[in-house]
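For reference, the chains in residue letters:
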Amino acid sequence: MRTTHYTVLAGGTGAAKFLRGLVQIVPEDQIHVVVNVGDDTDIWGLHVSPDIDSITYALSGKLDTDRGWGVRDETFRCLEAIEAYGMPSWFRLGDRDLATHLTRTHLLRSGLTLSETVDRMAKAAGVKARVLPASDDPVRTKIETPGGVLGFQEFFVREQWKPEVRSVAYAGAAEARAPAAVLDSIREAQIVIIAPSNPITSVGPILAIHDIREALRCARAEVVAISPLIGDSAVSGPAAKLMEACGYDVSPEGVARCYHDILDNIVIDVSDAGFAASIRYETIGVQVTNILMTNEKAARELAEFVIHENSIAAG
Ligand code: GDP
């Protein structure tokens with residue numbers, strides 16, 4: 001017997017906000033989250049997975065929702081001690097967060113795949129949703145700037161996304177495979193939701209994995225994206241700057257175009273209703289509501305809307 005589930009493609013902050021709404025609408029064990037690994041990096045020899053951690057912390061209630069990343073009530077004693085050695089400390093590793101990276105790195109070195117590691121750690125944290133890395137193979141987002149090519153964390157955290165962006169690449173994506181669990185999750189989903197995440201650096205690396213894009217093209221469920229842009233601005237972060245650098249219109253229409261071959265519907269803000277006609281012209285359905293998640297109630301209302309509007313194709 002097939003079990004009902006909803007599959008969410010996710011980055012970090014925007015996706016974490018949306019998931020905190022979605023868990024109020026559908027049972028958590030019916031949620032699968034396919035998470036970006038393009039932000040993953042090596043810090044102090046540790047495997048750091050920023051988006052996987054944001055999602056897992058959000059679902060386990062540990063996320064610092066003010067900052068949008070890391071653990072609530074965090075301390076930085078270890079980082080302070082590292083600073084005292086005169087070492088670089090631009091990547092803000094909290095003490096409890098460090099335990100996550102130590103555990104992940106230890107499990108990976110003991111021979112587990114990233115998927116097995118993430119599954120074990122999410123379950124231990126009490127998460128009932130399935131957290132699925134988009135790939136067990138390394139896929140790394142590279143940002144080309146006038147000063148050279150930067151890893152995503154170097155661009156985003158160390159350089160505070162100030163450098164001019166010439167191009168964005170997903171190293172390793174062409175050879176990367178998606179785990180079978182990810183492909184099954186997409187194929188069997190009741191609805192596939194692309195979270196309001198950065199289309200270039202959060203969703204882009206997921207869609208750059210050939211198997212995943214194919215599975216989405218063939219999905220029997222509705223595939224719906226929530227715009228991370230309202231008007232010509234991202235709610236937070238560098239999505240607008242990166243979309244422009246990659247040649248997309250900085251608008252909900254540009255977001256629809258990023259996903260044109262896989263999307264059935266896009267959810268845009270009421271203030272952007274004027275874009276509906278031109279998006280529909282691209283044969284993508286448009287669903288209009290308030291998409292700014294200022295609190296948990298707004299996130300719940302958005303999740304409720306998305307589930308309600310897209311619950312027609314369920315088998
Ligand atoms: P990152 O890895 O932390 O950048 O994670 P994401 O890509 O998931 O989150 C950043 C994206 O979420 C940005 O493009 C924001 O514009 C978007 N975002 C953040 N908050 C909201 C919100 O309340 N509503 C919508 N629609 N998008 C949001």
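Up top is the structure.
Please read all numbers here as calculations on a predicted model, not as lab measurements. (Residues numbered from 1 in each chain as written. Predicted model: local features only at pLDDT ≥ 70, side-chain atom pairs only at ≥ 80, totals over all residues. Heavy atoms only, no water.)

One pass over the full model with this rule turns up 18 salt bridges. E83 is the partner of R92 in a salt bridge, and the nearest nitrogen-oxygen pair spans 3.6 Å. Residue class for R92 comes out partly exposed when judged on its relative accessible area of 36%. For R217, the salt bridge goes to D261, with nearest N and O atoms at 2.7 Å. On the criterion of sequence distance, the pair formed by R217 in helix α9 (residues 210-218) and D261 in the loop between α11 (252-258) and β13 (265-269) is long-range, its members being 44 residues apart. One salt-bridge network, held together by shared partners, links R213, E214, R217 and D261. (Salt bridge = Lys/Arg side-chain N within 4 Å of Asp/Glu carboxyl O. Buried < 20%, exposed > 50% of the residue type's maximum accessible area, 1.4 Å probe, protein only. Helix = DSSP H or I, 4+ residues; strand = E, 2+ residues; numbered from the N terminus.)

Turning to the sheet that holds strand β7 (residues 148-151), a few remarks are in order. Ordered by their spatial adjacency, three strands build an open sheet running β7-β6-β8, and the pairing between neighbours is antiparallel. Lying at the two open borders of the sheet, with one neighbouring strand each, are β7 and β8 (167-171). Geometrically, the sheet is characterised by an average inter-axis angle of 30° between neighbouring strands, direction not taken into account. As judged from the four bridges shared by strand β6 (residues 140-145) and β7, these two strands associate in the antiparallel manner. Counterpart to K142 in the pairing with β7 is G151. Contacting β6 and β8, helix α8 (residues 199-207) runs over the sheet at an angle of about 30° to β8. (Pairing = 2+ DSSP bridges. Axes fitted to C-alpha atoms, helices over the stretch in contact; angles between N-to-C directions. Contact = heavy atoms within 4.5 Å.)

The next thing to look at is a nonpolar patch on the surface. Together, W44, Y85 and M87 make up an exposed nonpolar region whose accessible area comes to about 400 Å². Within the secondary structure layout, W44 lies in the loop between β3 (41-43) and β4 (46-48). According to the relative accessible area criterion, W44 is partly exposed, its value standing at 43%. (Patch = residues over 30% accessible without salt bridge, like charges linked within 9 Å, V, L, I, M, F, W, Y side chains within 5 Å. Areas by Shrake-Rupley, 256 points an atom, 1.4 Å probe, with all protein chains shown as cover.)

Our next topic: the layout of surface pockets. Of the volumes computed, that of the second largest pocket is approximately 270 Å³. Around the second largest pocket, the lining is made up of 16 residues, and of these T56, Y57, T100, M121 and A125 lie nearest the centre. Among the residues making up the lining of the second largest pocket, the classes are represented as eight nonpolar, three polar and five charged. (1 Å grid on protein atoms, 1.4 Å probe; cavity = no way out; pocket = protein on both sides within 12 Å on 5 of 7 lines; lining within 4 Å. Points joined across faces, edges and corners; volume = space filled by probe spheres on them. Nonpolar A, V, L, I, M, F, W, Y, C, P; charged D, E, K, R; others polar.)

In this section: the nonpolar core. Counting 88 residues, the largest nonpolar core has I55, I212, Y259 and I266 as its most contacted members. Examining the composition of this core, we find that six residues originate from one element, helix α13 (residues 296-309), more than from any other. Once residues within four sequence positions are removed from consideration, Y259 is found in contact with I194, S197, P199, V203, L207, R213 and A225. Counting residues in each nonpolar core, the second largest holds six residues, with I43, V48, F91 and L93 among its members. (Core = buried A, V, L, I, M, F, W, Y, C linked by side-chain atoms within 4.5 Å.)

What follows covers the sheet that holds strand β5 (residues 130-133). Read across the sheet, seven strands follow the order β5-β2-β1-β9-β10-β13-β14 without closing on themselves; strand pairing throughout is parallel. Lying at the two open borders of the sheet, with one neighbouring strand each, are β5 and β14 (285-289). Each strand of the sheet is rotated relative to its neighbour by a mean of 25°, with strand direction disregarded. Relative to β5, strand β2 (residues 31-35) is paired through four bridges, and the arrangement is parallel. Counterpart to V33 in the pairing with β5 is V131. Strands in contact with α13 are β1 (6-10), β9 (191-194), β10 (222-226), β13 and β14; relative to β14, the strand with the most contacts, it is inclined by about 150°.

Bringing the site of the ligand into the picture now. In the vicinity of the ligand there are 21 residues, among which T13, S197, N198, S202 and P228 approach most closely. One of the backbone N or O atoms of G12 is found 2.8 Å from an oxygen atom in the ligand. The separation between an oxygen atom of the ligand and a polar main-chain atom of A15 is 3.4 Å. Compared with its free state, where it exposes 590 Å², the ligand has 96% of that area covered by protein. (Near = heavy atom within 4 Å. Polar contact = N/O pair within 3.5 Å; in protein donor to acceptor, adjacent residues only side chain to side chain.)

Our next topic: the pairing of β6. Looking along a regular strand, one sees side chains alternate from face to face of the sheet. Only one face of β6 is covered, namely the one carrying T141, I143 and T145; the face carrying R140, K142 and E144 has none of its residues buried. In this sheet, β8 lies alongside β6 in antiparallel orientation, the contact comprising five bridges. Considered in β8, the bridge of T141 is made with Y170. Remark: two residues form the turn of the hairpin made by β6 and β7, two consecutive strands paired antiparallel.

Take the packing of aromatic side chains next. In total, this model carries two aromatic pairs according to the counting rule given. Note on W90 and F91: the rings are 5.9 Å apart at their centroids and 85° apart in plane angle, and the pair reads as edge-to-face. Of the residues examined, W90 reaches a relative accessible area of 27% and is grouped as partly exposed. On the accessibility criterion, F91 (12% relative accessible area) is buried. For the pair F152 and F156, a centre-to-centre distance of 5.2 Å together with 15° between the ring planes defines the contact as stacked. Of the two residues, F152 and F156 both sit in helix α6 (residues 152-158), four residues apart, roughly one turn of that helix. The aromatic ring of W69 is capped on one face by R67, whose charged end is 4.2 Å from the ring centroid. Its end group placed over the ring of F76, R92 keeps NZ or CZ at 5.4 Å from the ring centre. (Phe/Tyr/Trp six-rings, centres within 6.5 Å; stacked < 30°, edge-to-face > 60°. Lys NZ or Arg CZ within 6 Å of the ring centre and 35° of its normal.)

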